[in-house]
Amino acid sequence: MNNGATVDAKQVLLMFAELDSRQQKKAHKMALRKATGILVNEAKRNFRSVVKKPNSKNRWNGRSFISGIKSSINKEITEGKVHIMGDFRLKFFELGTKKRFKKNKHKSSTGSINAHYFFKRAREAKESTISEELNNIITQSILRVNAKFRNR
């Protein structure tokens, strides 16, 4: 079954039922982590195409721009989230800003940022891929956990 051959859904459910609750959580967590990773990687790839220096450091915390694209999984291991608010500056490139002006007599423009929607485009592009891959990832996770369990 591990040789790349297709696995029947009934077999997977039986193997999942054989695992104890801790191992089931582990398989589900691995699947969610990989699925959210797909979206994180696509968002980072889109962001790199939008910004000239995506790895520039934030002067407040010293982390890179691109490290603000993050994912998390809740304690119950029921859902995974991907967001761009790990660095507040990412929001400006996602949604854009309106034109700003200096507060002096000349009212010269300080500029604006056009909305690039790098995260929205990544989500739309990978939504179907993630849902298709989630079943494959869960199956692979169950097989991996099951193989470790049987080798003990």
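Residues numbered from 1 in each chain as written. Predicted model: local features only at pLDDT ≥ 70, side-chain atom pairs only at ≥ 80, totals over all residues. Heavy atoms only, no water.

**Points about helix α2 (residues 21-50)**
Line of reasoning, step 1. The terminal C-alpha atoms of α2, which comprises 30 residues, lie 43 Å apart, in line with the 44 Å expected from a rise of 1.5 Å per residue.
Line of reasoning, step 2. Considered for burial, the residues of α2 that qualify are Gln23, Ala27, Ala31, Leu32, Ala35, Thr36, Leu39, Val40, Glu42, Ala43, Asn46 and Phe47. (Helix = DSSP H or I, 4+ residues; strand = E, 2+ residues; numbered from the N terminus. Expected span 1.5 Å × (residues − 1). Buried < 20%, exposed > 50% of the residue type's maximum accessible area, 1.4 Å probe, protein only.)

**Notes on a positive patch on the surface**
Line of reasoning, step 1. A surface patch of like charges, here positive, comprises Arg22, Lys26, Lys34, Arg144 and Lys148.
Line of reasoning, step 2. At the level of secondary structure, the elements contributing two or more residues to the positive patch comprise α2 and α4 (118-151).
Line of reasoning, step 3. Counting residues per element, the positive patch draws most heavily on α2, which supplies three residues.
Line of reasoning, step 4. By the element assignment, Lys26 lies in helix α2. (Patch = residues over 30% accessible without salt bridge, like charges linked within 9 Å, V, L, I, M, F, W, Y side chains within 5 Å. Areas by Shrake-Rupley, 256 points an atom, 1.4 Å probe, with all protein chains shown as cover. Salt bridge = Lys/Arg side-chain N within 4 Å of Asp/Glu carboxyl O. Lys, Arg positive; Asp, Glu negative; His and termini not counted. Charge placed at Lys NZ, Arg CZ, Asp CG, Glu CD.)

**Considerations on unusual backbone geometry**
Excluding glycine, a negative phi dihedral is what most residues carry, and trans is how most peptide bonds are arranged.
Line of reasoning, step 1. A positive phi is found at Ile77, a non-glycine position, where the angle reads about 55°.
Line of reasoning, step 2. Counting through the fold element by element, Ile77 comes out in the loop between β1 (70-73) and β2 (80-83).
Line of reasoning, step 3. Its relative accessible area of 13% is what places Ile77 among the buried residues.
Line of reasoning, step 4. Even without being a glycine, Tyr117 presents a positive backbone phi close to 50°.

**As for the pairing of β2**
Line of reasoning, step 1. As paired elements, β1 and β2 share four bridges and run antiparallel to each other. Looking at β2, one finds that Ser72 is bridged to Lys81.
Line of reasoning, step 2. What sits between β1 and β2 in their antiparallel hairpin is a turn of six residues, with Ile77 showing a positive phi close to 55°. (Pairing = 2+ DSSP bridges.)

**Things to note about the packing of aromatic side chains**
Line of reasoning, step 1. With the rule as written, the count across this model stands at six aromatic pairs.
Line of reasoning, step 2. With centroids separated by 6.1 Å and ring planes inclined at 85°, the aromatic side chains of Phe47 and Phe93 adopt a geometry described as edge-to-face. Here Phe47 is found in helix α2, whereas its partner Phe93 is found in helix α3 (residues 89-95), with 46 residues between them in sequence.
Line of reasoning, step 3. Look at Phe47 and you get buried, because its relative accessible area is 0%.
Line of reasoning, step 4. Look at Phe88 and Phe92: their rings are 6.1 Å apart centre to centre, the planes differ by 85°, and that puts the pair in the edge-to-face class.
Line of reasoning, step 5. For Phe92, a relative accessible area of 31% puts it in the partly exposed group.
Line of reasoning, step 6. One aromatic cluster is present, built from ring pairs that chain together Phe47, Phe65, Phe93 and Phe118.
Line of reasoning, step 7. One Lys or Arg, Arg89, reaches over the ring of Phe65 and ends 4.0 Å from the middle of that ring.
Line of reasoning, step 8. Above the plane of the ring of Tyr117 lies Lys120, whose end atom (NZ or CZ) is 5.3 Å from the centre. (Phe/Tyr/Trp six-rings, centres within 6.5 Å; stacked < 30°, edge-to-face > 60°. Lys NZ or Arg CZ within 6 Å of the ring centre and 35° of its normal.)

**Remarks on the side chain of Glu42**
Line of reasoning, step 1. Of note, Glu42 is situated in helix α2.
Line of reasoning, step 2. Of the residues examined, Glu42 reaches a relative accessible area of 8% and is grouped as buried.
Line of reasoning, step 3. Here the side chain of Glu42 touches Arg45 through a polar contact of 2.7 Å, side chain to side chain.
Line of reasoning, step 4. Those residues in contact with Glu42 that sit more than four places away from it in its chain are Ala122, Ala125 and Lys126. (Polar contact = N/O pair within 3.5 Å; in protein donor to acceptor, adjacent residues only side chain to side chain. Contact = heavy atoms within 4.5 Å.)

**Details of the pattern of salt bridges**
Pairing between side chains becomes possible if they bear opposite charge and their charged atoms approach one another.
Line of reasoning, step 1. Counted by the stated rule, this structure contains three salt bridges.
Line of reasoning, step 2. Here Arg45 makes a salt bridge to Glu42, at a shortest N to O gap of 2.7 Å. Taken together, the positions of Arg45 and Glu42, both in helix α2 and three residues apart, correspond to about one turn of that helix.
Line of reasoning, step 3. A salt bridge links Asp87 to Arg89; the shortest N-O distance between them is 2.8 Å.

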